[in-house]
Amino acid sequence: AGTGRGHRPRKARATKPRRKAPWWELPALVALAIVIAILVKTFLVQPFYIPSESMEKTLHGCPGCSGDRILVSKIVYDFRDPHPGDIVVFNAPPGWDDEPPQQPPSNPVLRVIRGFGQLIGFVPPDGLVLVKRVIAVGGQTVKGDSAGHVFISNTGPKGPYHRLDETYVYETGPDPRAKFGPITVPKGRLWVMGDHRDRSADSRYHCGDGGQDGPDNSSCNVTAATVPIDDVIGKAVLIAWPP
């Protein structure tokens, strides 16, 4: 009878003992994540809440409903100034207090939790932060007619003017401030307006001294009615909630 070659038994592979993580590894990872979140919020992206209806229907913020949460790019204006058409978030200038600010909770525990959420960028900041659309920038002249059309001149009040194609405008009633200007925007400042034209306390509204309600014509206080570029926090780039 023939003889067959027998199979060699397989050698058991030695397994390396699993390394036990040091006790400080998880706290270090958590701390690193917090530092990264703070840096992202400070220099790159920050969330904000839409508190009013002034930007309907581009951004949802009707009274009594849950407003949109938006993400704002903070780095874009490190490389350029705001352009006409940009939707910007900015700290409210003096007198621009017509929209509800974010208020901290009275409960001290919730206040601490909220403060931590604001630190890492998951909770919108307290205080009055507004969102509007840039219509004209420094050096441009802006005016509106009674039909709600907005016109821009790059060469001063005498024109020539070009009419903006504003497909984003939303109105639920007559706009009492449709006719305004001509107003030349100072250098380093922005003329901003809400997309919900008849429900927005914007540059047209804040023509009076101290940013209060004032005349809607060439005698408008352009400093009170415009927003300094230095007060702009960033550009709205994404509706984060609802998806």
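Structure first, text after, so check above.
Residues numbered from 1 in each chain as written. Predicted model: local features only at pLDDT ≥ 70, side-chain atom pairs only at ≥ 80, totals over all residues. Heavy atoms only, no water.

### A closer look at the overall build of the protein
Moving on, step 1. For the protein, the helix and strand inventory stands at three helices and 11 strands.
Moving on, step 2. In the protein, the succession of helices and strands from N to C terminus is α-β-β-β-α-β-β-β-β-β-β-α-β-β.
Moving on, step 3. Counting across all 243 residues of the protein, residues that qualify as buried make up 38%.
Moving on, step 4. Contacts spanning at least 24 positions in sequence make up 70% of the contacts within the protein whose residues lie at least 6 apart.
Moving on, step 5. Looking at the protein as shown, the accessible area adds up to about 14,500 Å², and 58% of this sits on carbon and sulfur atoms. (Helix = DSSP H or I, 4+ residues; strand = E, 2+ residues; numbered from the N terminus. Buried < 20%, exposed > 50% of the residue type's maximum accessible area, 1.4 Å probe, protein only. Contact = heavy atoms within 4.5 Å. Areas by Shrake-Rupley, 256 points an atom, 1.4 Å probe, with all protein chains shown as cover.)

### So, the environment of tyrosine 161
Moving on, step 1. Tracing the sequence through the fold places tyrosine 161 in strand E7 (residues 161–163).
Moving on, step 2. Taking relative accessible area as the criterion, tyrosine 161 reaches 24% and is therefore assigned partly exposed.
Moving on, step 3. C-alpha of tyrosine 161 to C-alpha of valine 150: the two residues are 11 residues apart in sequence and 9.6 Å apart in space.
Moving on, step 4. With residues up to four places along the chain from it excluded, the contact list for tyrosine 161 reads Thr141, Lys143, Phe151, Ile152, Ser153, Gly156 and Pro182.

### A few points about unusual backbone geometry
Moving on, step 1. Here glycine 159 and proline 160 are connected by a cis peptide whose omega angle stands at 10 degrees.
Moving on, step 2. Within the secondary structure, proline 160 sits in the loop between strand E6 (150–153) and E7.

### A word on the nonpolar core
Moving on, step 1. Among the nonpolar cores identified, the biggest contains 13 residues, and Ile135, Val142 and Trp191 are the most heavily contacted of them.
Moving on, step 2. Counting 12 residues, the second largest nonpolar core, distinct from the first, contains Phe48, Ile50, Val131 and Ile233. (Core = buried A, V, L, I, M, F, W, Y, C linked by side-chain atoms within 4.5 Å.)

### Some words on the sheet that holds strand E3 (residues 87–91)
Moving on, step 1. Pairing is antiparallel in the open sheet, where seven strands are placed in the order E1-E2-E11-E3-E4-E9-E10. Each edge of the open sheet carries a strand with a single partner, namely strand E1 (45–49) and strand E10 (227–228). (Pairing = 2+ DSSP bridges.)

### Observations concerning empty space enclosed by the protein
Moving on, step 1. Overall, the coordinates contain three cavities of 30 Å³ or more when judged by the stated rule.
Moving on, step 2. Computed from the structure, the second largest cavity encloses a volume of approximately 40 Å³.
Moving on, step 3. Along the walls of the second largest cavity sit Phe48, Tyr49, Ile50, Pro51, Ile70, Val89, Val129, Leu130 and Val131, which together make up its complete lining.
Moving on, step 4. Looking at the lining of the second largest cavity, the elements with two or more residues in it are E1 and strand E4 (129–137).
Moving on, step 5. Tallied by class, residues from the lining of the second largest cavity come to nine nonpolar, no polar and no charged. (1 Å grid on protein atoms, 1.4 Å probe; cavity = no way out; pocket = protein on both sides within 12 Å on 5 of 7 lines; lining within 4 Å. Points joined across faces, edges and corners; volume = space filled by probe spheres on them. Nonpolar A, V, L, I, M, F, W, Y, C, P; charged D, E, K, R; others polar.)

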